[in-house]
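Single-letter residue listing:
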Amino acid sequence: MQDLGGKPVIQRTYEATQETGLFDEVYVVTDSKIIFKEIELNGGKAIMSIKEHDCGTDRIAEAVENMDVDIVVNVQGDEPFTSKSGLEQVLSVFNGPDADKIDLASLMTEMYDWKEISDPNAVKVIVDKDNFALYFSRSPIPYPRDKNAAVQYYKHKGIYAFRKQALLDFYNLPMRSMEAAEKIECIRYLEYGKNIKMAISNTQGIEIDTPEDLVRANKVLKEDKTITVNNKYRNFPMVPKVIFGRGSFDQLTSILAPKRKDKAPFIYLVDDVFKNDEDLINRMNLRFNDKLIFVSAEEEPKTQQVDTIVKNIKGEFTYSPSGIIGIGGGSILDLSKAVAIMLTNKGSASEYQGWDLVKNKAIYHVGIPTISGTGAEVSRTTVLTGPEKKLGINSDFTPFDQVVLDPDLAAGVPTNQWFYTGMDCFIHCVESLNGTFLNEFSKSYGEKAFDLCKEIFLSKHLTEEESRGKLMMASWHGGMSIAYSQVGIAHAMSYGLGYVLGTKHGIGNCIVFNHLDEYYPEGVRLFKEMKAFHNIEIPEGICSKLTDNQMTTMIDIALSLVPLWENALGDDWERIMTRDKLRDLYLKM
Ligand SMILES: [Fe+2]
């Protein structure tokens, strides 16, 4: 019942075991009413053992006596870091050539540190040439009289897999002296001549036998939290080529020329607000079989939309395109990145929503923003709504190969849209700078973007041209800041609105952020000042007519974005942001 990162150790062990997906049923068998209640209260299955038992295996035997089961795996309650691979290994021996000789299977892991080898809390095991156990002990076995002898020490891990019959047999065997002396239950099976097959698993877990182990486990769990993408510290590619300046768009033709492959077209995905903008279309300078596709940014991009565009391109051209050029706001840029990825990867875009799922390098892709704030031009993700989730394709192949930042392209954006999208950037900064994932890298970008936003949205002295250039750079820096930290509450809740009501990202963020003064007081105060300064109306009451089902889905989608909540509220976020609390917030909007 000791606390491990906000949950009792036993609850963590139960969840870890269930999450492996290897079992038809997972139960906690206990003689403690407190543990029983804790598991039931959290929706798990628990069984109270009736009789008094000397060890866990006997307790399990009693529990399964009348159950229709084939193989029973005993995971010790103090193994919260139980991994799927370890359990898979222990189960796999029942498919091996010597399966019928095996009464039970267990796991061992290599050990090298003499301090650990001589520690009586660590149970050592020695095996024969086929990995059947010879003996278990708290003493170092074998004893290394010859210090140079090449001997591999193994530590026993407290995971057992029994055939049901073997389990019941052992239940009826009385404890003998060696087991009593060492207090290691599997010695009983050896004392009665049973065969224990050991599988090797070198995935490092932490068993919790002592208070020091618990401290160590809490530390590991905390470190794990920051591992949301590939490793402890993020190692991301950046956009390798960027051009900035008013009129830099005219350099596009010369930028693309060396990338043009014979007969392979460039595909332009362009926001359909430019459909009648002949000047812009002429400046694109289309050649040969280049193709121009106008796309509506009315709705957020969907995985199905990506799949259709890819299918059409593949159907129309024999050769894979020379590149994809996205010209528009965040939606068009995200769509372009996704299309470039899906032209070289099989299946549907929905299969790649998540972290590092993309296998093949995308085709050459260029991003040209015409409205600033989302950071899509610099990000490693492409946010898409799929049949099951709203989530990005976050991968090393997602970022653009080339970005063209021409502030003049952002001229003529309607005020509301300019504000909503600009606020996306402002909110990126607030959420990053107030988050628990913040580091100097994120902070340096976030602070710069934050200052630029204040200048752009609250100063009277900027010309429109200056303001456009500054917002373009704020968007870039805001995007860089969140790449190395994370966004927070407004984004999590805005994703919920987007999924259920189709609310666009920028305006959704504004609707939510307007009511988050409890969490981001200074940021929300500034936001309201900016809103008043530009006479912007934010829609109200958009959640008042939701059905119960819609509200449930919205809450589910928002809460599923765990890293965002962890960043905003810390490890304890689930206690702070309950479903009721979240519902109240949505209803205020
Ligand atoms: Fe955003």
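Shown above is the structure to which this text applies.
Residues numbered from 1 in each chain as written. Predicted model: local features only at pLDDT ≥ 70, side-chain atom pairs only at ≥ 80, totals over all residues. Heavy atoms only, no water.

Draft legend 1. Structural detail: the coordination of the iron ion. For the iron ion, the full set of protein donor atoms is Asp424 (OD), His428 (NE2), His491 (NE2) and His505 (NE2), and the range of their distances to it is 2.1 to 2.3 Å. Geometry at the iron ion is irregular, judged from the four donor atoms that bind it and their angles of 82 to 171° at the metal. Spacing between the donor residues of the iron ion along their common chain follows D-x3-H-x62-H-x13-H. Taken together, the residues span a long stretch of sequence, with His428 in helix H14 (residues 415-433) and His505 in helix H18 (residues 505-513) at a distance of 77 residues. Taking the relative accessible area as the measure of exposure, His428 reaches 2% and is therefore buried. (Donors = N, O, S within 2.8 Å, 3.2 Å for Na, K, Ca; no water. Tetrahedral: all angles 85-135°; square planar, octahedral: opposite > 155°, others 65-115°. Helix = DSSP H or I, 4+ residues; strand = E, 2+ residues; numbered from the N terminus. Buried < 20%, exposed > 50% of the residue type's maximum accessible area, 1.4 Å probe, protein only.)

Draft legend 2. Broad picture of the environment of Ala161. With respect to the helices and strands, the residue Ala161 is situated in strand E9 (residues 153-163). Classification of Ala161 as buried rests on a relative accessible area of 0%. Along the primary structure Ala161 and Gly488 are separated by 327 residues, whereas in three dimensions their C-alpha atoms are 43 Å apart. Once you skip the residues sitting within four places of it in the chain, Ala161 turns out to touch Ile71, Val72, Val73, Val90, Phe94, Leu104 and Ala105. (Contact = heavy atoms within 4.5 Å.)

Draft legend 3. Broad picture of the packing of helix H17 (residues 489-501) against helix H23 (residues 579-588). Two elements in contact, H17 and H23, have axes whose closest approach is 12 Å; the angle formed by their N-to-C orientations is 70°. By the angle between their axes, H17 is roughly perpendicular relative to H23. The two elements H17 and H23 meet at a crossing, and its hand is right-handed. Of the residues in H23, those touching H17 at Ala492, Met493, Gly496 and Leu497 are Leu582, Leu585 and Tyr586. The residue inventory of the contact of H17 with H23, partitioned by class, reads six nonpolar, one polar and no charged. (Axes fitted to C-alpha atoms, helices over the stretch in contact; angles between N-to-C directions. Parallel < 35°, antiparallel > 145°, perpendicular 65-115°, else oblique. Left-handed = near helix turned anticlockwise from the far one by under 90°. Nonpolar A, V, L, I, M, F, W, Y, C, P; charged D, E, K, R; others polar.)

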